[in-house]
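One letter stands for each residue in the lines below.
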Amino acid sequence: MENQVNDLRSAIALLQRHEGQYIETDHPVDPNAELAGVYRHIGAGGTVKRPTRTGPAMMFNSVKGYPGSRILVGMHASRERAALMLGCEPSELAKHVGHAVKKPVAPVVVPASQAPCQEQVFYADDPDFDLRKLLPAPTNTPIDAGPFFCLGLVLASDPEDSSLTDVTIHRLCVQERDELSMFLAAGRHIEVFRKKAEDAGKPLPVTINMGLDPAIYIGACFEAPTTPFGYNELGVAGALRQQPVELVQGVAVKEKAIARAEIIIEGELLPGVRVREDQHTNTGHAMPEFPGYCGEANPSLPVIKVKAVTMRNHAILQTLVGPGEEHTTLAGLPTEASIRNAVEEAIPGFLQNVYAHTAGGGKFLGILQVKKRQPSDEGRQGQAALIALATYSELKNIILVDEDVDIFDSDDILWAMTTRMQGDVSITNIPGIRGHQLDPSQSPDYSTSIRGNGISCKTIFDCTVPWALKDRFERAPFMEVDPRPSYAYFLFKRGDIFTRHAFYSETIDAQQYEHQPPAALQQRRHFAETVSPGDLKTLLRERVTRVGKNKADVIAADGELYAKDARIILMKRVADDIRCHFTNGEIEGETPLVIDGKRAQPVSQPVGQRRQGRDRRRKFSMLWPLHLLPQLCKRAMFIRIDTEDTIHSGQGEHVHDPGVQRAQRHVAFSVHQLKQRHQHPQPAAVDEIHFAKVDD
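What counts and what doesn't
- Residues numbered from 1 in each chain as written.
- Predicted model: local features only at pLDDT ≥ 70, side-chain atom pairs only at ≥ 80, totals over all residues.
- Heavy atoms only, no water.
- Helix = DSSP H or I, 4+ residues; strand = E, 2+ residues; numbered from the N terminus.
- Buried < 20%, exposed > 50% of the residue type's maximum accessible area, 1.4 Å probe, protein only.
- Contact = heavy atoms within 4.5 Å.
- Areas by Shrake-Rupley, 256 points an atom, 1.4 Å probe, with all protein chains shown as cover.
- 1 Å grid on protein atoms, 1.4 Å probe; cavity = no way out; pocket = protein on both sides within 12 Å on 5 of 7 lines; lining within 4 Å.
- Points joined across faces, edges and corners; volume = space filled by probe spheres on them.
- Salt bridge = Lys/Arg side-chain N within 4 Å of Asp/Glu carboxyl O.
- Phe/Tyr/Trp six-rings, centres within 6.5 Å; stacked < 30°, edge-to-face > 60°.
- Lys NZ or Arg CZ within 6 Å of the ring centre and 35° of its normal.
- Core = buried A, V, L, I, M, F, W, Y, C linked by side-chain atoms within 4.5 Å.
- Nonpolar A, V, L, I, M, F, W, Y, C, P; charged D, E, K, R; others polar.
- pLDDT = per-residue confidence, 0-100.
- Axes fitted to C-alpha atoms, helices over the stretch in contact; angles between N-to-C directions.
- Parallel < 35°, antiparallel > 145°, perpendicular 65-115°, else oblique.
- Left-handed = near helix turned anticlockwise from the far one by under 90°.
- Pairing = 2+ DSSP bridges.

Visitor: Explain the overall build of the protein chain residue by residue, including any values.
Guide: A tally of helices and strands in the protein chain yields 17 helices and 33 strands. Per-residue burial over the protein chain gives 53% buried out of 696 residues. In the protein chain, 69% of the contacts between residues at least 6 apart in sequence involve partners at least 24 apart. For the protein chain, the exposed surface amounts to about 31700 Å²; the carbon and sulfur share of it is 50%.

Okay, here's the thing in structure tokens:
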């Protein structure tokens, strides 16, 4: 299968084969607030302060102060990306993950020789060891309590029964060369383990696992009652991948670690030791949390004494932007799956889908789509809402909608709330219920009705049509048509709604060319005058595009990049590299390709082959690092787009009829003109070209 993923690197490789899901930069970035500030505009989304957006995962290959380190952010910051990495449709995520949690596959232990996470080992008792210099832990904002490991999956076992193991993501702040503070919410299973060890006067061994298969992070975010005490959430990832997660014994503590992790921190939670979270910064804040606010620094947190750090060669530190869409995915998918399973068990077939909305960070706001099938189903929507609140205690608000409302479209949800709800009869308030301590409105000083921090008034908004009135609330019945062939082909990406076989298709009469240009060409002339960077981005990815600078000519076709005139003629993907064929003379003596002031070196030597006939140029083959090619595209000063009509049978297949002529139109754009017209610094697609094999 295409999406066989068992660690972070294989997940990245999967994303690299799909447009718009992953980008890299070699520009140096400061992990102290700057990285998060950059990604806010690239793809953080969620409850991050506007402007922000949902975008690709991003790898920073050059981290200031940490030579050789790299940081990945946003791996889970898109529902579409999560579905891609888990091998299902975005709308089916709740069902897919819900099945996995019911049929866990237990992890297995492998020897150290099979554990990439231990390719490098650093012991804390080494005088030169300093966690602050070894790993580039970032901050989200300038007022954070300190540098945080935001995606540290803590693994620990019950000190009284080592067969009981739990994994949870916790807030981990770097305090000293070998110390971390750890925030544990009340009721978490690892907090139970910690208290048992502390009561016995013993430290609790833990491993902090970072840079993981996305399925591990998602599975780890399930909570009770779906995953009760003793349930090992690593089994969810095993079920999602249909193969067990591999563990390895730690090198310095008596606890296991995830064998294919990028980075492992081994340590012990010390009994009776506490530290103020912001002891070195005195900001009063911790870090931005999922509700969108900077949480308060905790005055007294347990301390992890680091014993060792192990990592893969060229390890990737994975992080997130606290309030971003990434939290919605990580927390929201287990929320959705838990609610779906519970409601389906109680009212089979009634709940159609559920969405833990990003406005609530995947925790506070649930959208439940229900289908009333008979008169007796009236009122069951309220029952479904109560089941959801009981299943996931951190839910605050629930919006109920009918099956004709798109729960992933906020406009559609608000439309249902506006036209199918009356405030005096459609809203149910349930005060005095335990919520989540990070909701700033859940405190007595906000309302005298709240008896303590973390206690909330839960609210159900019933935006469903009463059964007896369903005929009066039918949505306008528009005709079902395919708009792409003749009207607005450039608005649709390949595979979106229609066939994947052609970006633009239209049945064409060959005789038409003798009298007048096809309508398709007229549309493209209009498009040439009105093109936006977004439209250009689509064409660059879906059709044939030539990008040239001076005498060189770089060509991208269906995602493939070419260049000619003694540069790159043909490339195709070879693992993480590009195979390039060179023409026009010997490589020796050619001006070397220079990118960002550095000579681009091939990783294998050329092999010559004499051509026959008039073209007696020599052909060379060598491998170039893939990351250099976007840099080559960035140097382009001119873009020419070739669009071509294709013959369409009406069933989504090409008709190969040599007797039918095909019209072709070349449309040229100057990057400078695009900058002036759209005040856009550069067409986004030039930075995001992906590569796949096509004919030369």
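After presenting the structure, the write-up continues.
Visitor: Provide a residue-level description of the layout of surface pockets, including the pertinent values.
Guide: Estimated volume of the second largest pocket: approximately 1000 Å³. Around the second largest pocket, the lining is made up of 44 residues, and of these A185, R188, E223, K363 and E394 lie nearest the centre. Every element with two or more residues in the lining of the second largest pocket is listed here: strand 8 (161-169), strand 15 (285-288), helix 9 (325-346) and helix 10 (380-391). Considering each element in turn, the lining of the second largest pocket owes the most residues, 4 residues, to strand 8.

Visitor: Explain the pattern of salt bridges residue by residue, including any values.
Guide: Tallied over the full model, the rule gives 29 salt bridges. Between R171 and E277 there is a salt bridge; the shortest N-O distance is 2.8 Å. Of this pair, R171 sits in strand 9 (residues 171-176) while E277 sits in the loop between strand 14 (263-275) and strand 15, and the two are 106 residues apart along the sequence. Judged by relative accessible area, which is 1%, E277 ranks as buried. Residues R420 and D402 are paired through a salt bridge, measuring 3.2 Å at the closest nitrogen-oxygen approach. Taken as a pair, R420 in the loop between helix 11 (410-419) and helix 12 (423-426) and D402 in the loop between strand 21 (397-401) and helix 11 lie far apart in primary sequence, 18 residues in all. There is no split in this pair, since R420 and D402 are both buried.

Visitor: Tell me about the packing of aromatic side chains, residues and numbers included.
Guide: Where two aromatic rings form a pair, the distance of their centres and the angle of their planes describe that pair. Evaluated as defined, the whole model comprises 3 aromatic pairs. Looking at K363, its charged tip hangs above the ring of F290, at a distance of 5.9 Å from the centre. The ring of W415 has R475 sitting right over it, with the charged end atom 3.8 Å from the ring centre.

Visitor: Report on the nonpolar core, specifying residues and quantitative values.
Guide: Generally speaking, nonpolar side chains in soluble globular proteins are found buried as a group. Within the largest apolar cluster, 91 residues are counted, with the highest numbers of intra-cluster contacts made by L131, F149 and I265. When residues no more than four places from it in sequence are discounted, the contact partners of L131 are F149, V174, E176, R177, L180, I265, V306 and V309. In terms of nonpolar packing, the next biggest core, distinct from the first, is built from 19 residues, V343, A385, L389 and I398 among them.

Visitor: Tell me about empty space enclosed by the protein, residues and numbers included.
Guide: Scanning the model with the defined rule gives 5 cavities of 30 Å³ or more in all. Approximately 50 Å³ is the volume found for the largest cavity. Surrounding the largest cavity, R79, E325, T328, T329, G332, L333, E336 and Y355 form its lining. A class-by-class count of the residues in the lining of the largest cavity yields 2 nonpolar, 3 polar and 3 charged.

Visitor: I'd like to hear about the confidence of the model for the protein chain, residue by residue, with values.
Guide: Where the model shows low pLDDT, its predicted coordinates should not be examined in detail. Chain-level pLDDT for the protein chain is 76 on average; 69% of the residues reach the 70-or-more range. Taken as a whole, residues 494-696 scores under 50 in pLDDT and shows 376 contacts with residues more than four places along the chain or in a different chain.

Visitor: Give me the packing of helix 4 (residues 93-102) against helix 8 (residues 234-241): which residues, what numbers.
Guide: Running from amino to carboxyl end, helix 4 crosses helix 8 at an angle of 120 degrees, the nearest separation of the two axes being 8 Å. Judged by the angle between their axes, helix 4 and helix 8 are oblique. In this structure, helix 4 crosses over helix 8, and the sense of that crossing is right-handed. Packed against helix 4, whose contacting residues are H96, V97, A100 and V101, the element helix 8 presents V236, A239 and L240 at the interface. Classifying every residue of the contact of helix 4 with helix 8 by side-chain character gives 6 nonpolar, 1 polar and no charged.

Visitor: Quick one: what's the story with the sheet that holds strand 13 (residues 256-258), residue by residue and with numbers?
Guide: The strand order 4-12-13 describes an open sheet built from 3 strands, whose pairing is mixed. Two strands lie at the open edges of the sheet, namely strand 4 (108-109) and strand 13, each paired on one side alone. Sheet topology note: the strand 12 (residues 246-249)/strand 13 ladder contains 3 bridges and is antiparallel. The residue bridging V248 from the neighbouring strand is A257, located in strand 13.

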